[in-house]
2 protein chains.
Amino acid sequence: MTDKPDSAGGANSGMGAPDLIAALTDESGLVSALERKLAASILADVSFATNASITEIAARAGVSPPTVTRFCRRLGCASFSDFKLQLARSAYVGLRYLRPEPMTSTPAEVAEDIVTKAQNALFEMHRGLDLEALSRAAGLLAGAQMIYAFGSGGNSSMIVNELQNRLFRLGCRITASNDHGMSLMLAAAAEPDAVVIGSSFTGRNLELVRCFGLLRERGIKTIALTQSNSPVAAAADVVVAVDLPEGQNIFRASSTRYAFLAAVDILANLVAYADRSRSARLLRGIKAQLIRHRDGDDRQLLGD
Amino acid sequence: MTDKPDSAGGANSGMGAPDLIAALTDESGLVSALERKLAASILADVSFATNASITEIAARAGVSPPTVTRFCRRLGCASFSDFKLQLARSAYVGLRYLRPEPMTSTPAEVAEDIVTKAQNALFEMHRGLDLEALSRAAGLLAGAQMIYAFGSGGNSSMIVNELQNRLFRLGCRITASNDHGMSLMLAAAAEPDAVVIGSSFTGRNLELVRCFGLLRERGIKTIALTQSNSPVAAAADVVVAVDLPEGQNIFRASSTRYAFLAAVDILANLVAYADRSRSARLLRGIKAQLIRHRDGDDRQLLGD
DNA sequence: GCGTTGATGAAAATAAATTTCTGAAATGTG
DNA sequence: CACATTTCAGAAATTTATTTTCATCAACGC
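The paragraphs below set out a description of the structure included in this document. (Residues numbered from 1 in each chain as written. Chains lettered and ligands numbered in written order. Predicted model: local features only at pLDDT ≥ 70, side-chain atom pairs only at ≥ 80, totals over all residues. Heavy atoms only, no water.)

### A short note on the environment of Ala 233 of chain A
Residues and elements named next belong to chain A. For clarity, the threshold we go by: Helix and strand assignments come from DSSP, with helices taken as H or I runs of at least 4 residues and strands as E runs of at least 2, each series counted from the N terminus. Whether a residue is buried, partly exposed or exposed follows from its accessible area with a 1.4 Å probe, protein chains only, as a fraction of its type maximum: under 20%, in between, or over 50%, in that order. Note on definitions: a residue-residue contact is assigned when non-hydrogen atoms from the two residues lie within 4.5 Å.
Looking at the element boundaries, Ala 233 is found in helix H13 (residues 231–235). A relative accessible area of 9% places Ala 233 in the buried class. Spatially, the C-alpha atom of Ala 233 lies 9.2 Å from that of Ser 200, the residues being 33 residues apart in sequence. Contact partners of Ala 233, with chain neighbours within four places excluded, come to Thr 226, Gln 227, Ser 228 and Val 239.

### Comments concerning the protein's contact with DNA strand C
Quick note on the threshold: A cutoff of 4 Å decides nearness: a residue is near a molecule or strand if any of its heavy atoms lies inside that distance of it. N or O atoms closer than or at 3.5 Å make up a polar contact, with two conditions inside protein: a donor-capable atom paired with an acceptor-capable one, and, for residues adjacent in sequence, both atoms drawn from side chains.
Around DNA strand C sit 18 residues, and of these Thr 67 and Arg 70 of chain A together with Ile 54, Arg 73 and Ser 79 of chain B come closest. Sugar and phosphate atoms represent 70% of those atoms of DNA strand C found within 4 Å of the protein. Arg 70 of chain A places a polar side-chain atom, nitrogen or oxygen, 2.9 Å from a base nitrogen of DNA strand C. The contact in question runs from a phosphate oxygen of DNA strand C to an N or O atom on the backbone of Phe 80 of chain B, over 3.1 Å. If you list the elements that add at least two residues to the surface near DNA strand C, you get helix H6 (65–74) of chain A together with helix H5 (54–61) and helix H6 (65–74) of chain B.

### Description of the pairing of strand E1 (residues 146–150) of chain B
Strand residues, when the strand is regular, have side chains that alternate between the two faces of the sheet. Residue and element names in this part refer to chain B. We count it as follows: Only strands joined by at least two bridges in the DSSP assignment are considered to pair.
Across the five residues that make up E1, a large majority, four, are buried. As judged from the five bridges shared by E1 and strand E3 (residues 194–200), these two strands associate in the parallel manner. Bridge assignment links Met 146 to a residue of E3, and that residue is Ala 194. As defined by bridge partners, E1 adjoins strand E2 (residues 174–177) across four bridges and the pair is classed as parallel. Bridge pairing in E2 places Phe 150 opposite Ser 177.

### A look at the pattern of salt bridges
Two side chains of opposite charge can pair, provided their charged atoms sit close to one another. Inclusion rule: A side-chain nitrogen of Lys or Arg and a carboxyl oxygen of Asp or Glu constitute a salt bridge if their distance falls within 4 Å.
A full pass over the atoms with the stated rule returns 18 salt bridges over all chains. One salt bridge connects Glu 162 of chain A with Arg 257 of chain B, and the closest N-O pair in it is separated by 1.9 Å. Of this pair, Glu 162 of chain A sits in helix H10 (residues 153–168) while Arg 257 of chain B is found in helix H14 (residues 254–274), placing the two residues in two different chains. Across the pair Arg 257 of chain A and Asp 265 of chain B runs a salt bridge, and its minimum N-O distance is 3.0 Å. With one member in each of two chains, Arg 257 of chain A in helix H14 (residues 254–274) and Asp 265 of chain B in helix H14 form a pair that bridges those chains. Assessed through its relative accessible area of 0%, Asp 265 of chain B is described here as buried. Overlapping salt bridges, with partners in common, bring together Glu 162, Arg 166 and Asp 265 of chain A together with Arg 257 of chain B in one network.

Shown next, in the form of structure tokens:
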């Protein structure tokens with residue numbers, strides 16, 4: 001470990017958190033039956049695994065310590081301790097998936113549950129992010145003469161409002177619409193150099209699909225912020241997929257919003273970076289706000 | 001370690017992540033000069049510390065290994081390995097605070113930056129959460145005959161709209177207002193059994209302060225979702241404080257939104273649990289939506 | 001059927017962490 | 001100011017943990 005070349009620079013040390021839980025669940029890299037048994041044993045009680053020694057883990061899985069060491073190496077870790085470290089990191093965000101819904105009741109439990117789920121949602125969104133699609137979407141938005149953002153229902157409404165809120169500050173011409181009828185009219189009236197971005201948590205907003213169809217006929221580019229393999233995704237030119245594991249979200253869409261919100265956040269940042277002059281303008285604006293802040297009149301600082 | 005009683009149940013094993021970085025920065029628990037030196041050395045390169053052995057850490061700090069062991073114990077860890085584990089967990093969410101803004105540019109960096117900051121914000125919000133105040137706020141909201149939610153600017157507007165979106169589903173009578181003038185009129189017309197909740201990211205929304213003052217005179221309860229030690233907080237009856245470290249948020253309020261959103265989420269859940277019949281109604285509603293979902297018409301599932 | 005490859009555990013070797021013990025410094029006390 | 005007491009810190013020894021080496025076994029191909 002002392003001579004490991006990447007331990008100083010920290011190629012995989014502090015950041016990024018290669019997702020060990022996923023690798024463990026995934027099995028594809030695991031050849032032998034014993035290794036699968038080991039993976040299952042670790043997944044069955046991750047918090048035990050993060051705290052136990054190699055001997056204890058081996059004993060619980062019914063294998064020998066060397067097997068555990070080899071297993072860790074196969075998973076891409078430098079050593080067993082490295083494995084434990086990475087597991088601890090992954091477990092911090094990923095652990096809850098493995099537990100059944102505890103039907104929380106005390107305020108502390110509710111708070112922890114919501115925060116954890118939100119972090120999980122962000123983690124999963126980030127893991128499944130298609131950066132290439134995101135870049136293409138940002139490119140389209142940055143080059144658009146006019147942007148329309150469509151989405152309805154409590155959640156997608158928020159998202160498209162947020163899009164408008166973020167993008168108009170970057171100098172984009174944008175309007176958001178939460179109303180199907182209005183969206184259709186806007187789509188019909190849109191000029192060829194416009195870009196339409198639509199959000200749908202479920203991917204089954206059929207009005208949005210219809211809208212996208214109409215726009216495709218007219219050669220206007222469309223971006224969907226939605227689940228992949230959904231009607232909305234199929235109807236759009238560029239799909240920024242936000243796929244979260246079904247299970248826990250079926251009863252509560254709320255954690256999904258964090259993922260969508262972050263996707264919008266990333267998109268807005270990429271749009272800002274897509275155009276240097278725009279980016280500069282953005283920074284100037286922020287600085288101006290900062291100065292205003294120092295002068296005491298910070299009522300509007302960063303939009304409150 | 002084998003007989004450590006809490007290793008099986010995992011009292012501090014998987015969850016909660018006692019924030020070691022904060023404890024390390026805090027210094028108050030550290031008596032001797034050597035321990036402070038050790039803390040400084042670890043903080044100077046956290047990712048080194050998470051990967052190194054006790055000997056390496058001791059050498060770098062210029063102390064002996066036993067001192068490191070004792071140091072870990074003093075910090076509340078069971079052993080040095082336990083310390084490393086906790087450090088790794090804390091570092092995963094807390095590390096970025098210690099690094100200067102890297103001026104991200106590639107899409108991958110932007111995405112990681114935003115996701116990490118959002119997770120940081122959630123983590124910090126959770127850490128500083130005053131559950132007692134939150135419960136009181138939820139109790140007020142659950143008992144209110146009418147709720148007014150005030151907040152302006154892009155961010156707080158979103159928050160109060162979200163509040164309305166969440167609470168009306170629970171059977172609360174609620175209206176959100178993003179307009180100062182309108183808010184004042186609503187406040188003036190509010191009846192004594194109403195409750196007003198206001199959001200302000202900066203805590204310096206003076207119109208909101210004025211509103212709260214007016215309401216206090218009239219004996220109407222007010223709840224603030226804002227920074228503690230701010231004018232808005234001072235003017236409210238119940239303060240749900242969301243305090244995030246300044247540094248990284250001065251240039252971009254966006255990560256703060258995740259914290260506020262989660263606070264609203266928690267609040268809404270507590271309101272739901274505050275009233276059993278309401279909670280039951282909520283669940284029935286969700287079930288009905290689920291059934292509709294199975295029938296194929298899931299267009300409105302959970303509000304999209 | 002036999003050699004080869006890869007997987008596995010036992011035992012040995014290595015490395016790591018903790019305890020014990022001893023000396024040094026600081027603080028209080030006569 | 002000297003002495004006792006406490007606390008702190010490191011050296012060495014002990015314990016514990018991890019990894020390497022090596023021998024065995026099973027599966028697979030030739």
